[in-house]
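What the coordinates show
Here is how the chains run, residue by residue.
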Amino acid sequence: MRIVNVSKKYGNTVALDNISFDVVPSSIIGVIGHNGSGKTTLLEILMGIQKQTSGQILNVNPELKEFKEKMGVILQENAVYENITVGELLRLFASYYKDTYDIDYLVDVLNMHDFKGKLYSKLSGGMKQKVNLALAFINKPKYVFLDEPTTGLDPIARKNLWNALNVLCKDTTVFLSSHYMEEVEQNCQYLVYLDDGNLIYSGSIDKFKNLHHPKALSEIYISISGGEYNDNDRTVESRV
Ligand SMILES: Nc1ncnc2c1ncn2[C@@H]1O[C@H](COP(=O)(O)OP(=O)(O)OP(=O)(O)O)[C@@H](O)[C@H]1O
């Protein structure tokens, strides 16, 4: 997938300003940036549920229908599934696709045995996010888009979700937005860093850290997004 000169305007608001980067397949890409920096907009454009104002997403748009068959999603706001159990929900989603993971496998990987028979609407936030992750991966997707999947979860639930994600994502390119820099640093290989709709950096996380004198990603983030940032430091790699 190649993102070329993508911009998005909502009226006078420039949510994305001429963003370009290439994507390394089968990698986990952390999309970071302060509130309102354009992360959700970027994910939604890549998913095809929003249209960019200008620019192109190459290797995807020509076969958008096929692409959607090979895509998994967790949106920031949970969909509400009333009166349906986890097992029923998984079977329902599986029925939409030709090629799917075995439901028992997903229940095992995500350790959902205890609440497989419970109503989705009665689950805790952490349980719901596990189910959401299972739904995102059910069709063995080539691309998965996760908008802040660990927000609001306790540290153990977050760790469990990451463990499961690392098992499931072997042949999948994952775009994941997060405000938790430690998680991004530990689990993602690549970074897309947005600031007011501008791309500050795209490329490997290791390179990004080396450019900033191997500090922790959270320290670099605070110095950049907190305002102690030298504009000459902007670095855009050609590949994510
Ligand atoms: N539907 C919309 N209509 C008008 N403006 C929008 C819309 N969606 C987003 N925006 C604006 O576009 C900009 C980018 O928003 P976006 O939701 O992509 O940021 P974000 O980085 O995902 O934020 P957060 O971390 O708070 O989720 C913001 O200025 C926001 O107010």
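The structure under discussion appears in the preceding block.
In this report, we go over the structure that sits alongside the text.

Basis of the calculations
Residues numbered from 1 in each chain as written. Predicted model: local features only at pLDDT ≥ 70, side-chain atom pairs only at ≥ 80, totals over all residues. Heavy atoms only, no water. Phe/Tyr/Trp six-rings, centres within 6.5 Å; stacked < 30°, edge-to-face > 60°. Helix = DSSP H or I, 4+ residues; strand = E, 2+ residues; numbered from the N terminus. Buried < 20%, exposed > 50% of the residue type's maximum accessible area, 1.4 Å probe, protein only. Lys NZ or Arg CZ within 6 Å of the ring centre and 35° of its normal. Pairing = 2+ DSSP bridges. Axes fitted to C-alpha atoms, helices over the stretch in contact; angles between N-to-C directions. 1 Å grid on protein atoms, 1.4 Å probe; cavity = no way out; pocket = protein on both sides within 12 Å on 5 of 7 lines; lining within 4 Å. Points joined across faces, edges and corners; volume = space filled by probe spheres on them. Parallel < 35°, antiparallel > 145°, perpendicular 65-115°, else oblique. Left-handed = near helix turned anticlockwise from the far one by under 90°. Contact = heavy atoms within 4.5 Å. Core = buried A, V, L, I, M, F, W, Y, C linked by side-chain atoms within 4.5 Å.

Moving on, we get to the packing of aromatic side chains. A complete count under the given rule lists 6 aromatic pairs for this structure. The interplanar angle of 70° and the centroid separation of 6.0 Å between the aromatic rings of Tyr193 and Phe208 together place this pair among those described as edge-to-face. On the criterion of sequence distance, the pair formed by Tyr193 in strand β8 (residues 190-195) and Phe208 in helix α8 (residues 205-211) is long-range, its members being 15 residues apart. Each member of the pair, Tyr193 as well as Phe208, carries the same accessibility label: buried. Three or more aromatic residues joined by ring pairs make a cluster, and in this case those are Tyr193, Tyr201, Phe208 and Tyr221. The ring of Tyr101 has Lys140 sitting right over it, with the charged end atom 5.8 Å from the ring centre. We note Arg158 situated over the ring of Tyr180; from NZ or CZ to the ring centre the distance is 3.8 Å.

Pairing within the open sheet is antiparallel, and its 3 strands lie in the order β2-β1-β4. The open sheet has two edge strands, β2 (13-22) and β4 (54-58), and neither has a second partner. Each neighbouring strand pair of the sheet contributes to a mean axis angle of 20°, computed without reference to strand direction. Relative to β4, strand β1 (residues 2-10) runs antiparallel, the two being bridged by 4 bridges. If you follow Ile3 over to β4, its bridge partner there is Ile57.

A separate point is empty space enclosed by the protein. All chains considered together, the criterion is met by 1 cavity of 30 Å³ or more. What the largest cavity holds in volume is close to 40 Å³. Lining the largest cavity we find Leu133, Leu146, Pro149, Thr150, Leu161, Trp162, Leu165 and Leu176.

Packed helices, taken two at a time, are described by the angle their axes make and the gap between the axes. Closest axis-to-axis distance for the helix α3 (residues 86-94)/helix α5 (residues 125-137) pair is 10 Å, and the angle between their directions is 20°. Taken together, the axes of α3 and α5 are roughly parallel relative to one another. In this structure, the crossing between α3 and α5 has a hand that is right-handed. Across the interface between the two elements, Val86, Leu89, Leu90 and Phe93 of α3 pack against Val131, Ala134 and Leu135 of α5.

Glancing now at the nonpolar core. Membership of the largest hydrophobic core comes to 48 residues, with the highest contact counts inside it found for Leu90, Val131 and Phe137. When near neighbours in sequence (up to four residues on either side) are disregarded, Leu90 contacts Ile103, Val107, Met112, Ala134, Leu135 and Ile138. Counting 23 residues, the second-largest nonpolar core is a separate cluster that includes Ile3, Leu42, Leu43 and Ile57.

Purely geometric numbers; function is a separate question.
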